[in-house]
Amino acid sequence: MHRSLKSILFALVLLGLVGGSAAYFAAQKTVTLTVDGQSREVRTYAGTAAEVLADEGLRPASHDVVLPDPGDAIGDGATIVLNRARPLALTVDGVRTDVHTTALSVADALDELGYRTDELVLSASRSQRLPLDGMDLAITTTKDVTLVADGQQRVVTTTAATAGDLLAEQGIALSATDRTSVYPQQPLLDAMVLRVTRVVVTDVTEVRPLDYATVETPDPEAFQGQRTVTQKGVEGAQTVTWRVTVTDGVETGREQLGVEVSTPAVDQQVAVGTKEKPAAPAAVVSADGLNWAALAACESGGRPTAVSGTGKYRGMYQFSTGTWAAVGGSGDPAAASAEEQTMRAQMLYARSGAGQWPHCGPRLFG
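Positions within a chain are numbered from 1, following the residues in the order the chain's sequence is written. Local features are withheld for residues below a pLDDT of 70 in this predicted model, meaning they are given only at 70 or higher, and side-chain atom pairs are given and counted only at 80 or more; totals for whole chains, interfaces and linings count all residues. Based on all heavy atoms of the structure, the side-chain values leave hydrogens and waters out of the count.

- The name given to the chain in an unreviewed UniProt entry is Resuscitation-promoting factor RpfB, and the organism recorded there is Modestobacter marinus.
- Comment text from UniProt for the chain, heading Sequence similarities (unreviewed entry), reads "Belongs to the transglycosylase family. Rpf subfamily." UniProt positions are given in the numbering used here, feature names are shortened, and annotations may be inferred rather than shown by experiment.

## Remarks on the pattern of salt bridges
So, step 1. A side-chain nitrogen of Lys or Arg and a carboxyl oxygen of Asp or Glu constitute a salt bridge if their distance falls within 4 Å. Under the definition given, this model contains twelve salt bridges.
So, step 2. The salt bridge involving Arg84 is made with Asp36; its shortest N-O contact spans 2.8 Å. Residue Arg84 is found in the loop between β4 (79–83) and β5 (86–92), and its partner Asp36 is found in the loop between β1 (29–35) and β2 (38–44); the two are separated by 48 residues along the sequence.
So, step 3. Residue class for Arg84 comes out partly exposed when judged on its relative accessible area of 26%. Comment: elements are numbered from the N terminus, with helices defined as DSSP H or I runs of at least four residues and strands as E runs of at least two. Buried, partly exposed and exposed residues are distinguished by accessible area as a fraction of the type maximum, computed with a 1.4 Å probe on protein chains only: under 20%, between the cut-offs, and over 50%, respectively.

## Topic: the environment of Gln346
So, step 1. With respect to the element layout, Gln346 can be found in helix α8 (residues 338–352).
So, step 2. When the C-alpha atoms of Gln346 and Trp292 are compared, they prove to be 8.5 Å apart, with 54 residues separating the residues in sequence.

## Comments concerning the sheet that holds strand β6 (residues 95–101)
So, step 1. A strand pair is defined by DSSP finding two or more bridges across the two strands. Taken in spatial order, the four strands of this open sheet run β6-β5-β8-β7, and their pairing is mixed. Edge positions in the sheet fall to β6 and β7 (120–122), since each of these pairs with one other strand and no more. Ignoring strand direction, the axes of neighbouring strands in this sheet form an average angle of 30 degrees.
So, step 2. Inspection of the sheet shows β5 paired to strand β8 (residues 135–141) by five bridges, in the parallel sense. From the neighbouring strand, Leu90 faces β8, where its bridge partner is Leu137. Note on geometry: axes are lines fitted to C-alpha atoms, helical ones only across the stretch in contact, with angles between N-to-C directions running from 0 to 180 degrees.

## As for the packing of aromatic side chains
So, step 1. Any two of the Phe, Tyr and Trp rings considered here, Trp counted by its six-membered ring, make a pair once their centres fall within 6.5 Å; the pair's planes then place it as stacked at under 30 degrees, edge-to-face at over 60, or tilted in between. Per the stated rule, a full pass over the model turns up five aromatic pairs.
So, step 2. With centroids separated by 6.0 Å and ring planes inclined at 90 degrees, the aromatic side chains of Trp292 and Tyr317 adopt a geometry described as edge-to-face. One end of the pair, Trp292, is in helix α6 (residues 292–300); the other, Tyr317, is in the loop between α6 and α7 (321–326), with 25 residues separating them in the sequence.
So, step 3. With relative accessibility at 7%, the residue Trp292 sits in the buried group.
So, step 4. Note on Trp292 and Tyr349: the rings are 5.9 Å apart at their centroids and 90 degrees apart in plane angle, and the pair reads as edge-to-face. A residue pair is termed long-range when its members are at least 10 positions apart, and Trp292 in helix α6 and Tyr349 in helix α8 qualify at 57 residues.
So, step 5. Classification of Tyr349 by relative accessible area gives buried; the value is 17%.
So, step 6. Here the aromatic residues Trp292, Tyr317, Tyr349, Trp357 and Phe365 are joined through ring pairs into a cluster of three or more.

If you want it as structure tokens, here you go:
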């Protein structure tokens with residue numbers, strides 16, 4: 001080949017190489033890449049924001065923020081911003097929600113989520129940075145709660161998370177039987193009313209009288225209608241056990257648990273006459289029309305149970321035991337009915353006259 005032709009061809013090849021290199025370097029761009037607030041310059045041939053991030057080993061997740069849009073073309077001097085989202089397990093006053101935030105610190109996250117007041121109780125420092133893999137954050141807000149307990153009602157401003165926390169904060173202890181208007185584990189809300197009801201359950205005993213029974217025994221020696229107490233009844237005692245419920249100082253329930261006889265009662269024994277009363281003799285009829293009430297009033301004040309000071313004379317007409325038996329009476333004259341005593345007195349009068357009552361006999365005729 002001619003020497004001049006070779007020189008021309010070499011010059012053309014060299015010119016192509018130089019031109020290609022110049023075009024290659026002309027396509028390179030310098031962009032500012034800011035990741036989570038940290039900026040650096042990146043030289044790249046990528047045409048979009050997504051390509052730049054991919055070249056840098058960054059793959060945005062669904063909650064991440066990328067500016068400009070990942071598909072947008074970029075030029076020399078462009079700025080690409082990637083704010084990576086952190087998962088945040090947020091518990092506010094006992095209620096948990098899972099959120100994502102691009103904030104880098106607890107303080108920024110609170111601001112981003114709208115919790116801008118300083119009157120918060122936090123589980124982490126406001127200055128703590130949020131790790132990329134997230135964290136748990138508990139927030140307790142200030143609440144005004146109406147507390148009703150032990151006869152008092154007051155409004156308490158508190159950051160307690162639950163009803164139980166508020167009671168502990170206020171020094172209010174609960175017994176096993178006390179009740180609250182909300183569960184102790186329930187989260188507190190602003191304007192909530194928390195009522196404590198004091199319930200005391202105790203077992204008490206009381207002693208009550210136990211009535212005696214009356215046992216009647218037929219007495220064939222006594223006339224019908226005649227009743228004689230042969231053994232007086234005696235009351236016993238029984239112990240009753242109650243379970244008593246008192247709510248805020250007022251008894252609201254009483255349940256009987258059992259009854260136990262502590263002292264048995266003694267039955268009262270009564271002899272009941274069964275003998276038929278004899279028919280009055282004819283002589284008694286002649287005694288009718290006499291003033292037997294006046295005689296009885298004189299002898300005993302008209303009392304069937306009267307007994308003289310010596311105990312010898314007994315009943316309305318002051319019979320001696322021997323005289324009483326002589327006219328058919330049995331037992332104690334003072335224990336007989338007024339009718340029987342009058343009948344026996346009439347029989348005595350018919351047999352012996354008014355002289356049986358030396359002092360009061362004349363009253364029969366008054």
